[in-house]
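An overview of the molecular structure
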Amino acid sequence: MIGRGMLPVLGAGVLLLPSPPVQAAPQHFERHFAVKGRPVVILQNVANGRIEVKSSKNSEVVVVATQASNKIGVVAEQAEERIDVTATILDNSAPANELEANFTLTVPEETELQLKSQTGLVYVEQVMGDMTLQSVAGDIHLKEVSGYIVVRTTGGSLVCTQCAGKLNFNSISGNAQVLQPGLSSVTLFTMSGNILFDGEFIRTGIYTMKSGKGTVEVHFSGNDSFDLNAQTATGTVDNQAEALLRPDSHGVRHIASRFTKGLFGTVGSGLAKVELSSYSGTIRILKRD
Amino acid sequence: MQCKEVEVVLERDGFVPVPEAARDHLSGCSSCRNLIADLTAIVATAHLLPAEVEPPARVWTSLRLQLEEEGIIRSAATRSGWLNFLEFFRPRVWATAAVGLLIVAAAALQFQRPTTQPIEARAYENIYENTSLTLNNDEAHLPAMQLAGNSSMDVSLRQNLDIVDKFIVDCEQRVKEQPQDELTRDYLSGAYQQKAELISAMMDRGGSGN
C-alpha cells in the first residue's frame, strides 16, 4: 500500500520519466487569391522541399503547402496582381526532416514566376510568362512553358521540354537538357555539367552553349539552317555531321584562334547562329535520325 | 518621368552630365540616384587603368544586366516584386561588385591596340592575381559552421566551391602559359564571377544559420 505522502513523489517521478519522441505533426496551408490579369507569383522557400507549379483556366492563384512540422512558417500575401509566398525556418535547431515544406501552386496560364528553392525539385508545367527560377541543389524541370526563362542553380540540373521563348541557364555543376524546344534565344553555361540540345534551331535564333569541363552535345535536323562556331581550348570537337556542314556561306572567312581547336560551318542557308564552346570537354555535333 | 524612363534616357544620352530630362526625377528618387552613383564609381575605377580605349556600349549593357541580376541595382519593372529578395542578397553586394569591376577592367583591356600586347598581358596578370587574392581571402573567412555543416545544402555548396577552385587553378595555369588565349580568359572570368557568388551565398547562409 502506498501511503498518501508518497503520491506527490510518484507523480513527480512519472513526469520525469523519459517520454517517447513526439512525432512532429505535418501542417497544411492553403490560400486562394483572386486575380484579374496576368499575376506575378513570388515564392521563396528557405526550407527544403519541392515546388510544383501548374496552370488552370481559373483567374486565381492557389497556394498549397505541406510542412513537415510547425518549425517552418509559411506566409502568403497579395498586393493586387502580386502574390508573395515565403517559407521561413522558425527553429534552426530542428532536425532536417522537420524542416521541409512542399508547395503546389496553381496559377492562371499567363503568369509571371519568381521562384527560389534550396534543395527540392522545382517543376513548372504549362505556364506562359517570364520566369526566374533559382535553386542551390534542386533540379528544375520545365515542361511546355514559354516566356523569358532565367534559371540559376549551383548544382541543380535543368530539363526543359517543349519550352518556347528565350532561355538563359547558368550553373556550376548542373546539367542542362533542352528537348524539343521552340526557343529563339538560348544561352546555357555550366562550369562542370553537360549540355544537351535536341531540337530545332529557329531561323534568326541565337544559341550559345558553353561548358567548362563537360560535354556540349547538339542534335539537329537536316532541315535546320544555321551557322556553327564550335571552339574548345583543351577539349575535343566530335563532328558527326561533317557531310552537312559547308564552309560559311555569308562571305565571312573565319580564322580559328591559334590557341583553340574548333570548326566553323554552315548548315542549310545559315539563318540561325549557333555558338558552342567547352574549355576542356567534348563538343559533339550530330544529325538526328 | 518614371524610373524605367530614366534608365532609357541614361542608356541613350549617358549620365555625364545627367540629362536634363532625368534631373527632376532624380531629385526625388534615391534609387535612381544610387544607380548613377554605382555607374559613376564603375567608370571612375575603369579610368584608373592605364592606356585604355573606351569599352563599347555592350560592355555596359551586360554589366547593367549583371548588376540587376545580382540585386545591386534594380530595374523599375522588377523593383516592387523583389524587395524581399533584395534583403536576402544584401551581404552579397560587395563581393560580387568587386569582381564585377575587375571583370569590367578585363573587358576594357580587350579593346586595347595590338601594339600594347606585352602591357596587356601584364595587366591581365595583375587583374587576375588581384581577383584571385580577393576571392581566396573571402573564402578563408567563410563562417566555420558553413565549412563544417552536414546538411545537404552545406555539402552541395562546398562541393561546388571545390569544383570552381579546381577549374580556376586549371584556367589560371593556362592563362599564364598562353596569355592571349581569349577563350580561356573568358572561362576564367566566368569562374571568378561564379566563385564570388558562391562565397556570398555561403556567407549569407552561415550568417542566417539556415
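Residues numbered from 1 in each chain as written. Chains lettered and ligands numbered in written order. Predicted model: local features only at pLDDT ≥ 70, side-chain atom pairs only at ≥ 80, totals over all residues.

1. A closer look at helix α10 (residues 152-177) of chain B
Given a rise of 1.5 Å per residue, 26 residues ought to cover 38 Å, and the 38 Å separating the end C-alpha atoms of α10 of chain B matches this to within 8%. Along α10 of chain B, the positions that sit buried rather than exposed are Met-153, Ser-156, Leu-157, Asn-160, Leu-161, Ile-163, Val-164, Phe-167, Ile-168, Asp-170, Cys-171 and Arg-174 of chain B. (Helix = DSSP H or I, 4+ residues; strand = E, 2+ residues; numbered from the N terminus. Expected span 1.5 Å × (residues − 1). Buried ≥ 20, exposed ≤ 12 C-beta atoms within 10 Å, placed from the backbone.)

2. Some points on the domain arrangement of chain A
Under the domain assignment used here, chain A contains domain 1 (25-116) and domain 2 (139-289). Just the C-alpha atoms count here: the centres of domain 1 of chain A and domain 2 of chain A sit 34 Å apart. (Domains from an automatic or database assignment.)

3. Describing the packing of helix α1 (residues 3-13) of chain B against helix α2 (residues 20-27) of chain B
Between two packed helices, what matters for the description is the angle formed by their axes and the separation of those axes. All names here are of chain B. Their axes nearest at 10 Å, the elements α1 and α2 cross at an angle of 140 degrees. The pairing of α1 with α2 is recorded here as oblique in orientation. Taken as a pair, α1 and α2 cross one another with a handedness that is left-handed. The segment α1 lies against α2, with Val-6, Val-9 and Leu-10 engaging Ala-21, Ala-22 and His-25. Residue composition of the contact of α1 with α2, by class: five nonpolar, one polar and no charged. (Axes fitted to C-alpha atoms, helices over the stretch in contact; angles between N-to-C directions. Parallel < 35°, antiparallel > 145°, perpendicular 65-115°, else oblique. Left-handed = near helix turned anticlockwise from the far one by under 90°. Contact = placed C-beta atoms within 7 Å. Nonpolar A, V, L, I, M, F, W, Y, C, P; charged D, E, K, R; others polar.)

4. Some words on the interface of chain B and chain A
Listed per partner, the contact involves 28 residues of chain B and 31 residues of chain A. Every element with two or more residues in the side of chain B that touches chain A is listed here: α6 (83-89), α10 and α11 (182-208) of chain B. Here the element with the most residues in the side of chain B that touches chain A is α10 of chain B; it accounts for eleven residues. Along the lines of polarity and charge, the residues of the side of chain B that touches chain A split into eleven nonpolar, 14 polar and three charged.

5. Looking at the nonpolar core
One recurring pattern in soluble globular proteins: nonpolar side chains tend to sit buried together. If you look at the biggest cluster of nonpolar residues, it comprises 65 residues, and the most contacted ones within it are Val-41, Leu-43, Leu-105, Val-124, Leu-167 and Met-209 of chain A. In this structure, this core is formed jointly by two domains, domain 1 (25-116) and domain 2 (139-289) of chain A, each of which donates at least three residues. Contacts of Leu-167 of chain A, omitting those with residues within four sequence positions, involve Ile-149, Cys-160, Val-178, Leu-183 and Val-186 of chain A. Among the nonpolar cores identified, the runner-up in size contains 27 residues, and Ile-172 and Ala-233 of chain A together with Ile-127 and Leu-157 of chain B belong to it. (Core = buried A, V, L, I, M, F, W, Y, C linked by C-beta atoms within 7 Å.)

6. Describing α1 of chain B
Residues and elements named next belong to chain B. Buried within α1 we find Val-6, Glu-7 and Leu-10. Summarising the axial view, the buried residues of α1 lie within an arc of 100 degrees, below the 170-degree limit, and thus occupy one face. Away from its buried face, by an angle of more than 90 degrees, α1 presents the exposed residues Lys-4 and Arg-12. Directly after α1, the chain includes Gly-14, whose backbone phi takes a positive value near 80 degrees. (Arc of directions from axis to C-beta.)

7. Topic: the confidence of the model for chain A
Mean pLDDT for chain A: 88, with 89% of residues reaching 70 or above. Across residues 9-21 of chain A, confidence stays below pLDDT 50; counting only partners more than four residues off in sequence or on other chains, it has zero contacts. (pLDDT = per-residue confidence, 0-100.)

8. Notes on the confidence of the model for chain B
Caution is warranted with low-pLDDT regions, since their predicted coordinates should not be read in detail. Residues and elements named next belong to chain B. Of the residues in chain B, 57% reach a pLDDT of 70 or more, and the chain-wide mean stands at 72. The secondary structure element of chain B with the lowest average pLDDT is α6, at 41, and the one with the highest is α10, at 91. Low confidence marks residues 76-91, where pLDDT is under 50. Its contacts with residues over four positions away, or in another chain, come to 23 contacts. The complex prediction reports pTM at 0.73, with the ipTM value standing at 0.82.

9. Points about the sheet that holds strand β7 (residues 101-108) of chain A
Backbone-to-backbone hydrogen bonds pair the strands of a sheet. The strands run either parallel or antiparallel. Residues and elements named next belong to chain A. The strand order across the open sheet built from twelve strands is β1-β4-β7-β3-β9-β11-β13-β15-β17-β19-β24-β21, with neighbouring strands paired in mixed fashion. Sheet topology places β1 (27-34) and β21 (236-239) at the edges, where each strand pairs with a single neighbour. Taken over all neighbouring pairs, the strand axes of this sheet differ in orientation by 10 degrees on average, direction set aside. (Pairing = 2+ DSSP bridges.)

10. Here's the deal with the environment of Thr-131 of chain B
Residue and element names in this part refer to chain B. By the element assignment, Thr-131 lies in helix α8 (residues 117-140). We classify Thr-131 as buried; it has 25 C-beta atoms within 10 Å. A sequence separation of 99 residues divides Thr-131 from Cys-32, and the C-alpha atoms of the two residues are 29 Å apart.

11. Structural notes on unusual backbone geometry
A negative phi angle characterises most non-glycine residues, just as the trans form characterises most peptide bonds. All names here are of chain A. The phi torsion at Glu-80 lies on the positive side, around 55 degrees, for a residue other than glycine. Looking at the element boundaries, Glu-80 is found in the loop between β5 (72-79) and β6 (82-89). Judged by C-beta crowding, with 10 C-beta atoms within 10 Å, Glu-80 ranks as exposed. For Thr-204, which is not glycine, the phi dihedral falls at a positive 75 degrees.

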